[in-house]
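# Remarks on the overall topology
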Amino acid sequence: MWYVSTRGMAPRIDFEGALFSGYAPDGGLYMPEELPQLGRETLHEWSTLSYPSLVKELCSLFIGPELIPRDDLNDLIDRAFSRFRHREVVHLSRLRNGLNVLELWHGVTYAFKDMSLCCAAQFLQYFLQKRKRHITVVVGTSGDTGSAAIESVQGAKNVDIIVLLPKGHCTKIQELQMTTVLRENVHVFGVEGNSDELDEPIKMVFADVAFVKKHNLMSLNSINWSRVLVQIAHHFFAYFRCAPSLDMHPLPAVEVVVPTGAAGNLAAGCIAQKMGLPIHLVVAVNSNDIIHRTVQWGDFSLSEAVKPTLASAMDIQVPYNMERIFWLLSGSDSQVIRALMEQFERTKSVGLPKELHSKLAEAVTSQSVSDEAIIQTMGRCWQENEYLVCPHSAVAVSCHYQQVDRQQPSPPRCCLAPASAAKFPEAVRAARLTLDTPAEILALEHKETRCTPMRKGDDWTQMLRDTIEDLSQQWQGRFQNLPA
């Protein structure tokens, strides 16, 4: 299995190359050169598998056995999911009025990012140990990515992690999950800015190709292919748990509602569709509605500013993974994608070509959900089911309730739930509901914290470069002192 850049100007690479790369040298994102096509027989076989077994099957299609032999791959995935609180790793809650909620938040940090990042970290450590290498992971976070990335690599010998968090723009719990991890290989910066602003110094550092190479830098943000790969399993699992029967001809459709900011889960769903999974995708966003406008009108353009919402982890202006979706739906036309994305980078606004827009509108429908609707949905879900959803999950559930209230016939529907309500007490209070906070989260309040400020007026790019250089020197010192 080879991986190519969506912009077509970078050499193709294998899974190990894609895992360590983030962006391709031409500014594009890596995608499989070809997608495996799954027939009815394979879908039938997979339909009874557990979630971890599904991840193993999917990963084995995209990671050659010459890179990670199948037995090793199985062990790595078992290890990745070993700290999850639910024995099935994910859980489907079947609620009133046909509401199915797929809980993707049973990992250490109570968010869906634990699932893909735990696997990515295992793959990284596997290759690093083999190659006797060290890397520095640099992550910008709008809330959940930082803590999940920290948990996945904390204490790892061959990895240092630097996380930039937007001070005051994520919840107190999200911040504490990052700043209370005092491991030697974890370095957290609190930036006086929003998540789009803190991405700028990271982009500047990664644009210096020689610096990146010299210091073995990589990103684990949602652009990393390994994260999208693991997320494909969510869609298969949702389908198998919600489809009425796989003995029907043609196979029945299931609608999967995907709440998203950077569109990683949506890209995973589009890939699953292309592999032959009969799902309809509904993308649900908050008031930061660039994806909704793109699906509806082909208007891929930035708003004037990020709007702070109750679903804060989705307060994102630039949904990076849309580039993967455009590439997929254009029939892998890297020339079209390169022109489109370069124009977007220059002008922050682009209209999709007519044919690409109609393909997108065919593959995906979309809705934008206001804070008011989030609060109403959280309240209604509690009243009808005594079931508490987080504000991000409420964005998806709101779409379900709109369909139910219209009383239109529709296929079975599954709403992806990316986080536990326990992480968002502010939103729970705004919905006038009460929260039974887990003991691990309560304990965060009393832990020591460590966080270096990046203030307005500081040179954030230079601070980041200095930290990376220090870590490289420390590793070289440690490596030289290791016994032969």
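Residues numbered from 1 in each chain as written. Predicted model: local features only at pLDDT ≥ 70, side-chain atom pairs only at ≥ 80, totals over all residues. Heavy atoms only, no water.

### Observations regarding the pairing of strand β7 (residues 186-191)
Within β7, six of the six residues are buried, which leaves it mostly tucked inside the rest of the structure. Both strand β6 (residues 159-166) and β7 contribute to a ladder of six bridges, which runs parallel. Each bridged residue has a counterpart across the sheet, and for L164 the counterpart in β7 is F189. Following the backbone out of β6, through helix α7 (residues 172-179) and into the adjacent parallel β7, one traces a crossover that is right-handed. (Buried < 20%, exposed > 50% of the residue type's maximum accessible area, 1.4 Å probe, protein only. Helix = DSSP H or I, 4+ residues; strand = E, 2+ residues; numbered from the N terminus. Pairing = 2+ DSSP bridges. Right-handed = clockwise from strand over helix to strand, strands pointing away.)

### Focus on empty space enclosed by the protein
Overall, the coordinates contain three cavities of 30 Å³ or more when judged by the stated rule. Size it by volume and the largest cavity reaches roughly 400 Å³. If you trace the largest cavity, you find 29 residues lining it, with K113, S142, A262, A313 and I316 closest to the centre. For the lining of the largest cavity, the elements supplying multiple residues, two or more each, are α6 (144-153), α8 (195-207), α10 (225-242) and α11 (264-274). It is α8 that provides the largest number of residues to the lining of the largest cavity, a total of four residues. Looking at the lining of the largest cavity residue by residue, the class counts come to eleven nonpolar, 13 polar and five charged. Considered as a void within the structure, the second largest cavity measures approximately 150 Å³ in volume. In terms of lining, the second largest cavity is formed by S21, G22, Y23, D199, I202, K203, F206, S219, N221, I223 and Y320. (1 Å grid on protein atoms, 1.4 Å probe; cavity = no way out; pocket = protein on both sides within 12 Å on 5 of 7 lines; lining within 4 Å. Points joined across faces, edges and corners; volume = space filled by probe spheres on them. Nonpolar A, V, L, I, M, F, W, Y, C, P; charged D, E, K, R; others polar.)

### Observations regarding the sheet that holds strand β3 (residues 91-94)
Pairing in this open sheet of six strands is mixed, and the strands run β3-β4-β14-β9-β10-β13 from one edge to the other. Edge strands, defined here as strands with exactly one partner in the open sheet, are β3 and β13 (364-368). On average, adjacent strands in this sheet sit at an angle of 25° to one another, irrespective of strand direction. With three bridges connecting them, strand β4 (residues 100-103) and strand β14 (residues 413-417) associate as parallel partners. Within β14, the position partnered with E103 by the bridge is A417. Set on the sheet, α10 makes contact with β3, β4, β9 (254-259), β10 (279-285) and β14; between it and β9 the angle comes to about 140°. (Axes fitted to C-alpha atoms, helices over the stretch in contact; angles between N-to-C directions. Contact = heavy atoms within 4.5 Å.)

### Observations concerning the packing of aromatic side chains
This structure, assessed with the given rule, holds 14 aromatic pairs. Pairwise contacts between aromatic rings join Y3, F15, F62, F123 and W225 into one cluster. Note that R133 overlies the ring of F20, its terminal NZ or CZ placed 4.9 Å from the centroid. When the ring centre of Y401 is taken as origin, the NZ or CZ atom of R380, which lies over that ring, is 4.0 Å away. (Phe/Tyr/Trp six-rings, centres within 6.5 Å; stacked < 30°, edge-to-face > 60°. Lys NZ or Arg CZ within 6 Å of the ring centre and 35° of its normal.)

### Points about the packing of α11 against helix α13 (residues 322-329)
Two numbers describe a pair of packed helices, the interaxial angle and the distance between the axes. The geometry of α11 relative to α13 is characterised by a closest axis approach of 8 Å and an angle of 20° between their N-to-C directions. Of the possible angle classes, the one that applies to α11 and α13 is roughly parallel. The hand of the α11/α13 crossing is left-handed. From α11, L266, A267, C270, I271 and K274 reach across to α13, where they touch M322, R324, I325, L328 and L329. By residue class, the composition of the contact of α11 with α13 is eight nonpolar, no polar and two charged. (Parallel < 35°, antiparallel > 145°, perpendicular 65-115°, else oblique. Left-handed = near helix turned anticlockwise from the far one by under 90°.)

### Side note on the layout of surface pockets
One simple way to see leftover space: roll a probe sized like a water molecule over the atoms. In this structure, the largest pocket occupies an estimated 1,300 Å³ of space. In terms of lining, the largest pocket is formed by 40 residues, of which the most central are Y23, A24, G27, F206 and A207. For the lining of the largest pocket, the secondary-structure elements that each account for two or more residues are α1 (15-19), α8, α9 (209-214) and α14 (334-347). The element contributing the most residues to the lining of the largest pocket is α8, with eight residues. Residues of the lining of the largest pocket, tallied by class, amount to 21 nonpolar, six polar and 13 charged.

### Some words on the UniProt feature "domain: Tryptophan synthase beta chain-like PALP" (unreviewed entry) in the chain
When the UniProt feature table is mapped onto this chain, "domain: Tryptophan synthase beta chain-like PALP" (unreviewed entry) is found at residues 105-405. Annotation note: span residues 105-405, helix share 51%, strand share 16%, distance between end C-alpha atoms 28 Å. (UniProt positions renumbered as here; feature names shortened; annotations may be inferred.)

### Section: the side chain of R293
Summarising the element assignment, R293 is placed in helix α12 (residues 290-297). Ignoring sequence-local partners within four residues, the contact set of R293 consists of G298, D299, S301, L302 and S303.

### Some thoughts on the environment of V89
Tracing the backbone shows V89 in the loop between α4 (70-80) and β3. What makes V89 buried here is its relative accessible area of 4%. Placed 14 residues apart in sequence, V89 and E103 show a C-alpha to C-alpha distance of 9.0 Å. If sequence neighbours within four positions are ignored, V89 has contacts with Y51, P52, F81, F84, H106 and M115.

### Side note on the nonpolar core
Core analysis: the biggest nonpolar cluster contains 125 residues, and F15, Y51, F123, W225, I232, F236 and F326 have the highest contact counts within it. In terms of residue count, the dominant contributor to this core is α10 (twelve residues). Among all residues touching Y51, those that are not within four sequence positions of it are F81, E88, V89, V90, M115, V230, A233, H234 and F237. The next biggest cluster of nonpolar side chains, apart from the first, holds 34 residues, and it includes A284, C390, A417 and A419. (Core = buried A, V, L, I, M, F, W, Y, C linked by side-chain atoms within 4.5 Å.)

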